[in-house]
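# Tertiary structure, described
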Amino acid sequence: MSFEVLQQKTLSNNPAGPRQFLAFRLAGEEYAIDIRQVQELRGVDHVTRIANAPAYVKGVLNLRGLIVPLLDLRLKLNMEARDYDAFTVVIVLSAGARTIGVAVDSVSEVTTLEPGQIKPPPGLGGNIGMEYLLGLGTVDDHMLILVDLERLITEADFASSATLH
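The sections below set out a description of the structure shown in this document. As the structure is a prediction and not an experimental result, all values here were calculated from the model.

What follows covers the sheet that holds strand 4 (residues 57-63). Pairing is mixed in the open sheet, where five strands are placed in the order 3-6-7-5-4. Edge strands, defined here as strands with exactly one partner in the open sheet, are strand 3 (38-42) and strand 4. Each strand axis lies, on average, 30° off the axis of its neighbour in the sheet, ignoring direction. One ladder, built from four bridges, connects strand 3 with strand 6 (residues 89-95); its direction is antiparallel.

Encoded structure:
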């Protein structure tokens, strides 16, 4: 899916109105991020490893001349590692003024959520820290774990790959 297609699917920036999220899977659970942060989706191409980077920093990708750090979202969220396969997708994201790629198990769809479909996160522990959540989105008979990308991917992630820039 190209950036232009994703852009056409976005709604207004009105936070009180409906919002669109890109749903993806990690370790059997369905997560989602705000579609406005997604630049493109791609398969896992050649990844250049970086010495002494944290385990979740898989290396860098050359994205049409732009060097982009690649984070394995499973490892970033302290989940069990998994080999990449034909379903693994790299979501290229805008994280503030930076571009970053995150590897996920698969991508499912773009979902529109009305404000009433987004509930605050429960005060429970789990694989993902509550500080990374926007909330839980309810879609028909299932829930999406809504991830706050700006809280999840911090400057420390970029500092750990400082030799990339």
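The rest of the description comes next.
Below, the discussion takes up unusual backbone geometry. A positive phi is found at Ala27, a non-glycine position, where the angle reads about 50°. By the element assignment, Ala27 lies in the loop between strand 1 (19-26) and strand 2 (29-34). Assessed through its relative accessible area of 38%, Ala27 is described here as partly exposed. The phi angle at Arg64 is positive, at roughly 50°, despite the residue not being glycine. You can see Arg64 is positioned in the loop between strand 4 and strand 5 (66-72).

This part takes up the packing of aromatic side chains. Scanning all chains against the criterion turns up one aromatic pair. Taking 5.9 Å as the distance between ring centres and 15° as the angle between the ring planes, the aromatic pair formed by Phe24 and Tyr31 counts as stacked.

Calculation notes
- Residues numbered from 1 in each chain as written.
- Predicted model: local features only at pLDDT ≥ 70, side-chain atom pairs only at ≥ 80, totals over all residues.
- Heavy atoms only, no water.
- Pairing = 2+ DSSP bridges.
- Helix = DSSP H or I, 4+ residues; strand = E, 2+ residues; numbered from the N terminus.
- Axes fitted to C-alpha atoms, helices over the stretch in contact; angles between N-to-C directions.
- Buried < 20%, exposed > 50% of the residue type's maximum accessible area, 1.4 Å probe, protein only.
- Phe/Tyr/Trp six-rings, centres within 6.5 Å; stacked < 30°, edge-to-face > 60°.

Functional significance is not addressed by these values, which are geometric in nature.
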